[in-house]
Amino acid sequence: GNSPDGLPPMPPLPISAADLRKSHGFSDQAQWAIPHKLMQGARPGFGLSDNTSLADQVNKIVGEGKVTTFVSLQAECLPEN
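Residues numbered from 1 in each chain as written. Predicted model: local features only at pLDDT ≥ 70, side-chain atom pairs only at ≥ 80, totals over all residues. Heavy atoms only, no water.

Caption draft 1: A look at the overall build of the protein chain. For the protein chain, the helix and strand inventory stands at 2 helices and 2 strands. In the protein chain, the succession of helices and strands from N to C terminus is α-β-β-α. Per-residue burial for the protein chain yields a buried fraction of 11% across its 81 residues. When contacts within the protein chain are restricted to residue pairs at least 6 apart in sequence, long-range pairs at least 24 apart make up 28% of them. Summing over all exposed atoms, the protein chain offers an accessible surface of approximately 6800 Å²; the carbon and sulfur share of this is 57%. (Helix = DSSP H or I, 4+ residues; strand = E, 2+ residues; numbered from the N terminus. Buried < 20%, exposed > 50% of the residue type's maximum accessible area, 1.4 Å probe, protein only. Contact = heavy atoms within 4.5 Å. Areas by Shrake-Rupley, 256 points an atom, 1.4 Å probe, with all protein chains shown as cover.)

Caption draft 2: Just the nonpolar core, in detail. In terms of nonpolar packing, the biggest core is built from 5 residues, these being Phe26, Ala30, Trp32, Ile61 and Val67. Once you skip the residues sitting within four places of it in the chain, Val67 turns out to touch Met39, Ile61 and Val62. (Core = buried A, V, L, I, M, F, W, Y, C linked by side-chain atoms within 4.5 Å.)

Caption draft 3: Broad picture of the pairing of strand β1 (residues 30–34). Alignment of β1 against strand β2 (residues 38–41), held across 4 bridges, turns out to be antiparallel. Note that in β2 the partner of Ile34 across the bridge is Leu38. From the end of β1 to the start of β2, which pair antiparallel, there are 3 residues, and His36 there has a positive phi angle of about 65°. (Pairing = 2+ DSSP bridges.)

Caption draft 4: How the structure looks around unusual backbone geometry. That bond from Leu13 to Pro14 is cis: its omega, -5°, falls within 30 degrees of zero. Checked against the element boundaries, Pro14 lands in the segment before α1 (17–24). Although it is not a glycine, His36 adopts a positive phi angle of roughly 65°. Judged by its relative accessible area of 64%, His36 is exposed. Not every positive phi belongs to a glycine, and Lys66 is a case in point at roughly 60°. Tracing the sequence through the fold places Lys66 in the segment after α2 (51–63).

Caption draft 5: Quick look at the packing of aromatic side chains. Following the criterion strictly, the structure yields 1 aromatic pair and no others. Between Phe26 and Trp32 the ring centres are 6.1 Å apart and the planes differ by 80°, which places this aromatic pair in the edge-to-face class. According to the relative accessible area criterion, Trp32 is buried, its value standing at 6%. (Phe/Tyr/Trp six-rings, centres within 6.5 Å; stacked < 30°, edge-to-face > 60°.)

Put into structure tokens, the structure is as follows:
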């Protein structure tokens, strides 16, 4: 169950890499910092070559991950080619 603050319980330590991937993994580019509450990772579309792949990636994050807000915590960057 969740704690009184609504957050999932912390996994017992030590935790194996395989168990950490099960509880916090989402994709090769993103993982749950707090499972099903806060996701972290590369910005959507990073390293993709076309807009269809970007749309598929964003749809997966929104649909499967139930993410509703995207926030960038990095400084302004130069546009990519």
